[in-house]
Amino acid sequence: TIASTALRNSLFARLGLGALLIAMALLSGLFFYLVRQAVAADNQSRLTTATLTSQAFVDKLDRNFYERFGDVQAFAYNRLAVVVAERDSASADLVDFMNTMTAYYVLYDLMMVVDLQGQPIAVNTKDKDGNKINSSPLLEANFLHENWFKSCLSDKGPAGGAWYSDFMKNSHVARIYASEGRGVAFAAPIRDAQGKVLGVWYNFASWKEITQPIRRDVEAELQKSDPDAVVILTNSNGEVIDLADPDLDLDGLRLAEATTASEEPMLTNHVKTYADYVSGWATARGAYTYKGNSWKAVTLLSRSQVNLAELFSDELLPVVLAVLAALVAVGWVAVRFFRKHITSRLHQIRDLIEKLSEGRT
């Protein structure tokens, strides 16, 4: 009858719609689950990249400092330095040598030789570009109580043959160059042929020449694929000693180590949080006889997020459309399947009812 046909069509419509909605819900859930898994895998990959980058960065720094650790020992072994220290008097030849080495190595702001009383005998008078600098006040200074001087004159001498500092600010360098005087210092004893200490050679390496170019190169390479990538260097106490942010005062700036997506600020007095980044940490291990300062580096890469806007970007739109088409196709197949099998079952029930109504079994 017309009524039974309408009822059957209504039932089919409901069943078909229900099947389609269930199929789409299941496939949508699966789709977003796979998207989240892909994002998680991408973040894990970024974490690995960030960690390896940080370790490679501090390893390169330590190899660089190992070479500077060797430089000061080579300079202290130089015959000119030995002769000047033996005579305890200034030498124009030694000053010329210092100026030449300052220009050749480019890394050093200051080279100095002091006698056994901590009194400077000679100091470079030109910078790395060959320009004259006013370093003469250093000749009136005394370094008898400085750690580097006492270490070089100790019975055993500095470990590995040379003394080195942590990141520091040198007030003499700051005055000479009208700068903050940031860098790392190295010192080695000057000895005669019998091994007797005659004086000390001291080098001060410029921070902007010895460290910052390495960090900038690492960061620039990362920013080719992630413009927001950041590389930060801290000392062993977490105090930031290098960061490419001209708006930040590094004095007293600390970086809290975290490996989770914390909402807490990662930099004191700064709005950035670890929730914005994947952070890979590494600690400097030294190189050869240079034991290092256990500095820490963190590489920050943008954290991947499940973003619906990105799903409909030009790159992902074809994929999304393909998935939607698959959802419709599966829903249509499901409706056809249920309609075919339920129709067959309904016909059987109808025939049975008709037989019963006619008294047939």
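Sequence order sets the numbering: in each chain, residues are counted from 1 along the sequence as written. Under the rules for a predicted model, residues below a pLDDT of 70 receive no local features and side-chain atom pairs below 80 are neither given nor counted, while totals for whole chains, interfaces and linings still include all residues. Where side-chain values are given, they derive from all heavy atoms of the structure, hydrogens and water being excluded.

A. The arrangement of the overall build of the chain in detail. Helix numbering and strand numbering both begin at the N terminus, where a helix is a DSSP run of H or I of at least 4 residues and a strand a DSSP run of E of at least 2. Helices and strands together make up the secondary structure of the chain, namely nine helices and 10 strands. The buried share of the chain, taken over its 361 residues, is 42%. Note on contacts: a residue pair qualifies if any of its non-hydrogen atoms lie within 4.5 Å across the two residues. Considering only contacts within the chain whose residues lie at least 6 apart along the sequence, 60% involve residues at least 24 apart. Here, Shrake-Rupley sampling with a 1.4 Å probe gives the accessible areas, and only protein chains in the shown set may cover a residue. Here the chain has roughly 20100 Å² of accessible surface; of this, 56% comes from carbon and sulfur atoms. Each residue's exposure class comes from its accessible area (1.4 Å probe, protein chains only) as a fraction of the maximum for that residue type: buried when under 20%, exposed when over 50%, partly exposed otherwise.

B. Spotlight on the packing of aromatic side chains. Pairing of aromatic side chains here covers Phe, Tyr and the six-membered ring of Trp, requires ring centres within 6.5 Å, and sorts the geometry by plane angle: under 30 degrees stacked, over 60 edge-to-face, intermediate tilted. As enumerated under the stated definition, the model contains 18 aromatic pairs in all. With a centroid separation of 5.6 Å and an interplanar angle of 90°, the aromatic rings of F75 and Y105 are classed as edge-to-face. Here F75, found in helix α1 (residues 2-77), pairs with Y105, found in helix α3 (residues 92-105); they are 30 residues apart in sequence, far enough to count as distant. With a relative accessible area of 4%, F75 lands in the buried category.

C. Layout of the pattern of salt bridges. Every case where a carboxyl oxygen of Asp or Glu lies within 4 Å of a side-chain nitrogen of Lys or Arg is listed as a salt bridge. Under the counting rule described, the total for this entry stands at 10 salt bridges. Notably, a salt bridge pairs D59 with R285, separated by 2.6 Å at the nearest N-O pair. Here the residue D59 occupies a position in helix α1, and R285 occupies one in the loop between β9 (277-283) and β10 (296-302), the gap between them amounting to 226 residues. For R285, a relative accessible area of 57% puts it in the exposed group. Among the ionic pairs, E219 bridges to R215, the shortest N-O distance being 3.2 Å. Linking E219 with R215, this pair stays in helix α7 (residues 212-223), spanning four residues, or about one helical turn.

D. How the structure looks around helix α2 (residues 79-87). For α2, the full list of buried residues reads A81, V82, V84 and A85. Regarding α2, its N-cap is N78, as a side-chain oxygen of that residue lies 2.8 Å from the backbone nitrogen of L80 further along. After α2 finishes, the residue D88 shows a positive phi value of roughly 55°. Here a polar contact is taken to be a pair of N or O atoms separated by no more than 3.5 Å, where protein atoms must pair a possible hydrogen donor with a possible acceptor and residues adjacent in sequence count only if both atoms sit in side chains.

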